[in-house]
Structure formats: C-alpha cells, structure tokens
Amino acid sequence: MARNDFPMCAQPAPKLHPQARAFLVTCEHGGYRIPAAYRHFFTNAQNIVASHRGHDVGALQLARRLATALDAPLIANTVTRLLIDLNRSLHHPQLYSEWTRKAAPPIRRDIMTRYYLRYRNQAETCIAQAISQNKQVIHLSCHSFTPVFDRVERRADIGLLYDPARIRETILCRAWQAQLAHRIPDLQVRRNYPYRGTADGFVTYLRRRFSASDYLGIELEINQRHITNAASEWRSLQKTVVTTLRQTLLLCGVEPG
C-alpha cells in the first residue's frame, strides 16, 4: 500500500499531501489566569473563573502529552476564556464575556491585541510556514466539556470534531474512533459531538485560510468527568488517546513525529 493512502476506509483511499507532514497542537482554553490589569473585572467571580466556564479542565495536560508524542509545537493559552474567548470569531456575541463585554472600547482592543490576536497569529504563522515548506499540517486543538450542560447529560466520553466535507479529516476521525473503540470497547466516542465540527471556532477559521490538501484540523473534546475522577483513570485515558492516535496515524501512512 502506498505510504500516502489511508488504509482504514472504503477504496479507493484518498491520498494525503505527497510531501512531509507537520503537526501542531493547540489549547485555546488551557487555564484560568487573570492578568493583573483586568482583575478588577472579576472581583466577585473567582469561583466562576475557576470553573468549567473559565477554562477547559484537563485540556492543557492532554495537549502537552500529545505535543510530546508527536514531537510537535504546542501553542497554549492559560488566560481565562472569560477575558476573551480565543475559540470565537471576532464577530461572535460571546467573544467577550459578561464581565468584559461592557469594558471601554480601548480596553477591549487592548485585550484583543495582547491575547486573542497574538495567540491566533502565532498559530496561523506556524501553519503557513509549514505549508510554505511543502508540508501538510495536521492540527489538533484540545478541549474538554462539562458532563451536564443546561441540565442535559452529554452522552459521550470523547468527541472528535471535523468538517465532514473534508474527506481527509473525516477518514482520520473515523479511523481514530475505531482505534479507541478497539482499545476500550466501553468508551463512547462520538464524531462531531457535543459540538459540530463546522461550528464557529479557531479550527473552522483556519479551514477558510488553508486548503483541505494542506491543512487538517481536528478538535479533540474530552468529557470532564474523566478528568475529575481518580487521577489514575485520567492518566490512563490520556495514554490511550495518545497511543491510539499514533496507531491511527501509522495505519493511515503518516509518521507520528
């Protein structure tokens, strides 16, 4: 089988970019730090900032493990999403939270420049540089989700988000889902859940910037109940996610780092 073919799919298998690959791991909601200049906005909201509303619990841990396994650059944000949400578009009504939305325009612009644009430009430049070297980029954006939202239980352990119109993303996620199911049959792995892979987000924006042949963007979502349970369970799940990804990439003819 040709090195660039995906073997775990219907034939004929679509081919990846014929040149080398580059990996990128990002974490848009990796922490709940509040820069000193903006702490007065959150005087009575410390508990909320430290909750799932302020950051994606455990996402940065997993992002670090994936970046190490793939020998990939890691671009991570540790400032609370309640200051400005790096995974929202500039036009999105929830770009700023209820605590910063009414800040004076110069303050909002300063926040956008210091955190939002700096982060996004760094990731976008990294991708563009790899593509300019004739490499295909596989980007993993790491997130986690609360088990219950608006009193509705999320029925998944892991979510793999992608654009169904992009065949390479589809095949990679299907293959990864199969590997996870094989490794832990009781694990409920769903595609494009609990969010649609084409919903507003950084990866969706990057797909508009880069072609499907040059860029594959996958959002990885982990149910936070696995993170807040026993530490040994969380370590085991991280290992499983990393191991199955490496296995999936090899089966798909991609060297994982």
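Residues numbered from 1 in each chain as written. Predicted model: local features only at pLDDT ≥ 70, side-chain atom pairs only at ≥ 80, totals over all residues. Heavy atoms only, no water.

**Considerations on unusual backbone geometry**
Then step 1. The amide bond that connects Tyr-193 to the next residue, Pro-194, takes the cis arrangement and shows omega of 10°.
Then step 2. Of note, Pro-194 is situated in the loop between strand 7 (189-191) and helix 5 (202-209).
Then step 3. Not every positive phi belongs to a glycine, and Asp-71 is a case in point at roughly 50°.
Then step 4. Topologically, Asp-71 is positioned in the loop between helix 2 (59-70) and strand 2 (74-76).
Then step 5. One non-glycine residue, Asp-150, adopts positive backbone phi at about 50°.
Then step 6. Summarising the element assignment, Asp-150 is placed in the loop between strand 4 (148-149) and strand 5 (152-153).
Then step 7. A residue is classified by how much of its surface remains accessible, and Asp-150, at 63% relative accessible area, is exposed. (Helix = DSSP H or I, 4+ residues; strand = E, 2+ residues; numbered from the N terminus. Buried < 20%, exposed > 50% of the residue type's maximum accessible area, 1.4 Å probe, protein only.)

**What about the sheet that holds strand 7?**
Then step 1. If you walk across this open sheet you meet the six strands as 2-1-3-8-6-7, and the pairing is mixed. The outermost strands of the open sheet, each flanked by one partner alone, are strand 2 and strand 7. Pairs of neighbouring strands in the sheet enclose a mean axial angle of 20°, with direction left out of account.
Then step 2. Pairing between strand 6 (residues 158-161) and strand 7: three bridges, direction parallel. Paired with Gly-159 across the two strands is Arg-190, which belongs to strand 7.
Then step 3. Set on the sheet, helix 2 makes contact with strand 1 (21-27), strand 2, strand 3 (136-145) and strand 8 (215-223); between it and strand 1 the angle comes to about 165°.
Then step 4. With respect to the sheet, helix 7 (residues 231-251) is in contact with strand 1, strand 3, strand 6 and strand 8, its orientation differing from that of strand 8 by roughly 155°. (Pairing = 2+ DSSP bridges. Axes fitted to C-alpha atoms, helices over the stretch in contact; angles between N-to-C directions. Contact = heavy atoms within 4.5 Å.)

**Quick notes on helix 5**
Then step 1. For helix 5, the full list of buried residues reads Phe-202, Val-203, Thr-204, Leu-206 and Arg-207.
Then step 2. For helix 5, the secondary structure elements touched by its buried residues are helix 3 (105-132), strand 3, strand 6, helix 4 (167-183) and strand 8.

**Re helix 4**
Then step 1. With 17 residues, helix 4 should reach 24 Å at 1.5 Å per residue; the first-to-last C-alpha distance of 24 Å fits that figure.
Then step 2. Along helix 4, the residues classified as buried are Arg-168, Glu-169, Thr-170, Ile-171, Leu-172, Cys-173, Ala-175, Trp-176, Gln-179 and Leu-180. (Expected span 1.5 Å × (residues − 1).)

**Section: the nonpolar core**
Then step 1. By size, the foremost hydrophobic cluster in this structure holds 38 residues, and its most contacted members are Leu-66, Ile-158, Trp-176, Leu-220, Ile-222 and Val-241.
Then step 2. Where this core is concerned, the elements lending two or more residues are strand 1, helix 2, strand 3, strand 6, helix 4, strand 8 and helix 7.
Then step 3. Take this core: its biggest share by element is eight residues, from helix 2.
Then step 4. Residue contacts for Trp-176: discarding those within four places in its chain leaves Leu-140, Leu-160, Ile-218, Leu-220, Val-241, Thr-244, Leu-245 and Thr-248.
Then step 5. By size, the runner-up hydrophobic cluster in this structure holds 33 residues, among which are Phe-41, Ile-75, Leu-82 and Phe-202. (Core = buried A, V, L, I, M, F, W, Y, C linked by side-chain atoms within 4.5 Å.)

Note that all results are geometric; they support no functional claim without further evidence.
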